[in-house]
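Report on the structure
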Amino acid sequence: MELCDDNLTAIIGLVRKHTGIAMNEHKRVLLQGRLLPRLRALGLSSYRAYIERLATDRAEVASFINSVTTNDTAFFRTPAVWRWLEREFLPGWVARGETRPLRIWSAAAATGEESYSLAMTCLEFAQRAPDLRFEIMATDISTDALATARAALYRGRSVERFEQDYPALFRKYLRPVAGGFAFGADVTGHVSFGEHNLLQRPPRAGWFDLVMLRNVLIYFDHENQERVLAGAHAAMRPDARLVLGEQESITRLQTPFAFEQAHVYRIGGEK
Ligand SMILES: C[S@@+](CC[C@H](N)C(=O)[O-])C[C@H]1O[C@@H](n2cnc3c(N)ncnc32)[C@H](O)[C@@H]1O
């Protein structure tokens, strides 16, 4: 079923309204491919009828968001970030002698690989620093992605790459179960999950010591990138760090952040 210009414009507007994601007419084929299964599931015969349905059916809005978001992720994505965590950030945190838990926000957590990579990294580090306590909050706008993250059960490419690149961690933290490999409570117990739209106020203000906001800014225009970064800032403690994705730069944006090293930002002016 062909998505005509008018309906394409309306759907691009709805994507922006509900997720902040900026799309243009080049996404016609992608949107058709993603939304056609919804039309079929609802027994609708036109995109116009689907657009009308979205105006009145809140549950369908959640399915729409699930359909139009891209939830690609990987365990230990961007190895340099994980080396920084292990060699600089966590030693620095432990050296401060804080008695409270380290609080990490995995914003735009997708299907949870990043959140569990964080938990495994902290658990491994805690072998050398047994006083380290930590908690990870994982949020995303996609309820489908969050359901996968909560289940903590992985299969296919996601685990194959993990096993290949990190065999010792794979064997230590994942166990085979029906349908894939699952993390146990030793890992999942450190992670909590929640639905959150990055364009809205952060789940907790002034709370987090580390915010992972990776590979999501790329979907927004400058205006929404600044809005999302303002939300991340509001979530952070004054001495917290923000981590962005490999292809994300904030140099052309108005933000309260200063570059610290590749992928890593802190609040404040130049160093
Ligand atoms: C490509 S994934 C990145 C996952 C992970 N952060 C990583 O770097 O591997 C982008 C995620 O951003 C989420 N997302 C898109 N718009 C969002 C919004 N407005 N609020 C919260 N999450 C959003 C999508 O649902 C998707 O799971």
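Above this text sits the structure in question.
It should be emphasised that the depicted structure is a prediction, and the values quoted were computed from it without experimental measurement.

With that settled, consider the overall build of the protein chain. When you go through the protein chain residue by residue, the secondary structure sums to eleven helices and ten strands. With the C-alpha coordinates of the protein chain rotated into their principal frame, the extents come out at 60 × 50 × 30 Å. Residues classed as buried in the protein chain amount to 51% of the 271 residues present. Pairs at least 24 apart in sequence give 72% of the contacts found in the protein chain among residues at least 6 apart.

Within the span of helix α7 (residues 143–151), buried status applies to Ala-145, Leu-146 and Ala-149. All buried residues of α7 lie within an arc of 95 degrees about the axis, which places them on one face of the element. In this structure, the buried side of α7 is in contact with α6 (113–126), β2 (134–140), β3 (153–154) and β6 (191–195). A positive phi of about 55 degrees marks Ala-152, the residue just after α7.

It is worth spelling out the pattern of salt bridges at this point. Using the criterion set out here, one finds 14 salt bridges in the structure. In this structure, Glu-223 and Arg-16 form a salt bridge, with 3.6 Å as the shortest nitrogen-oxygen distance. Of this pair, Glu-223 sits in helix α11 (residues 222–235) while Arg-16 sits in helix α1 (residues 5–19), and the two are 207 residues apart along the sequence. Arg-16 gets classed as partly exposed once you look at its relative accessible area, which sits at 30%. Where Glu-98 meets Arg-100, a salt bridge forms, and the shortest distance between an N and an O atom there is 4.0 Å. On the accessibility criterion, Arg-100 (16% relative accessible area) is buried. Through salt bridges with shared partners, one network takes in Arg-96, Glu-98, Arg-100, Asp-209, Arg-237 and Asp-239.

Our focus in this paragraph is the pairing of strand β10 (residues 264–267). Every regular strand shows the same layout, with side chains that alternate between the two sheet faces. Examined bridge by bridge, strand β8 (residues 236–244) and β10 share three bridges and lie antiparallel to one another. What sits directly across from Leu-242, in β10, is Tyr-265. Where strand β9 (residues 257–261) meets β10, four bridges bridge the pair, whose relative direction is antiparallel. Bridge pairing in β10 places Phe-259 opposite Tyr-265. In this antiparallel pair of consecutive strands, β9 and β10, the connection spans two residues, and His-263 shows a positive phi of 75 degrees.

Around the ligand lies a shell of 22 residues, among which Thr-19, Thr-73, Arg-77, Asp-140 and Asn-215 are the nearest. Between Ala-108 and the ligand, the recorded distance is 2.8 Å, taken from a backbone N or O atom to a nitrogen atom. Residue Leu-198 places a main-chain N or O atom 2.8 Å away from a nitrogen atom belonging to the ligand. The fraction of the free accessible surface of the ligand (610 Å²) that becomes covered by protein chains is 99%. Looking at the shell around the ligand residue by residue, the class counts come to eight nonpolar, nine polar and five charged.

Summarising the element assignment, His-263 is placed in the loop between β9 and β10. If we skip the residues at most four places from it in the chain, His-263 touches Thr-78, Ala-80, Val-81, Leu-242, Val-243, Leu-244, Gly-245 and Glu-246.

Attention now moves to the sheet that holds β2. One open sheet accounts for seven strands, arranged β6-β2-β1-β7-β8-β10-β9; its pairing is mixed. Each end of this open sheet is capped by a strand with a single partner; those strands are β6 and β9. Pairs of neighbouring strands in the sheet enclose a mean axial angle of 25 degrees, with direction left out of account. In the packing of α6 onto the sheet, the strands contacted are β1 (102–107), β2, β6 and β7 (208–213), and the crossing angle to β2 comes to about 170 degrees.

Here the focus is the packing of α1 against helix α2 (residues 28–42). Relative to each other, α1 and α2 sit at 75 degrees, their axes nearing to 11 Å. As judged from the angle between their axes, α1 and α2 are roughly perpendicular. Across the interface between the two elements, Asp-5, Leu-8, Ile-11, Ile-12 and Val-15 from α1 touch Arg-28, Leu-31 and Leu-35 from α2. Counted by class, the contact of α1 with α2 contains six nonpolar, no polar and two charged residues.

The next thing to look at is the nonpolar core. Ile-11, Leu-31, Phe-64, Leu-213, Leu-229 and Leu-242 are the most contacted members of the largest nonpolar core, which totals 46 residues. Mapped onto this core, the elements with two or more residues apiece are α1, α2, α3 (47–56), α4 (58–68), β1, β7, α11 and β8. The element that contributes the greatest number of residues to this core is α1, accounting for five residues. Each of domain 1 (5–68) and domain 2 (79–267) accounts for three or more of the residues forming this core. Dropping the residues within four chain positions of it, Leu-242 is found in contact with Val-211, Leu-213, Leu-229, Ala-232, Met-236, Phe-257, His-263, Val-264 and Tyr-265.

Rules of the game
- Residues numbered from 1 in each chain as written.
- Predicted model: local features only at pLDDT ≥ 70, side-chain atom pairs only at ≥ 80, totals over all residues.
- Heavy atoms only, no water.
- Helix = DSSP H or I, 4+ residues; strand = E, 2+ residues; numbered from the N terminus.
- Buried < 20%, exposed > 50% of the residue type's maximum accessible area, 1.4 Å probe, protein only.
- Contact = heavy atoms within 4.5 Å.
- Arc of directions from axis to C-beta.
- Salt bridge = Lys/Arg side-chain N within 4 Å of Asp/Glu carboxyl O.
- Pairing = 2+ DSSP bridges.
- Near = heavy atom within 4 Å.
- Polar contact = N/O pair within 3.5 Å; in protein donor to acceptor, adjacent residues only side chain to side chain.
- Areas by Shrake-Rupley, 256 points an atom, 1.4 Å probe, with all protein chains shown as cover.
- Nonpolar A, V, L, I, M, F, W, Y, C, P; charged D, E, K, R; others polar.
- Axes fitted to C-alpha atoms, helices over the stretch in contact; angles between N-to-C directions.
- Parallel < 35°, antiparallel > 145°, perpendicular 65-115°, else oblique.
- Core = buried A, V, L, I, M, F, W, Y, C linked by side-chain atoms within 4.5 Å.
- Domains from an automatic or database assignment.

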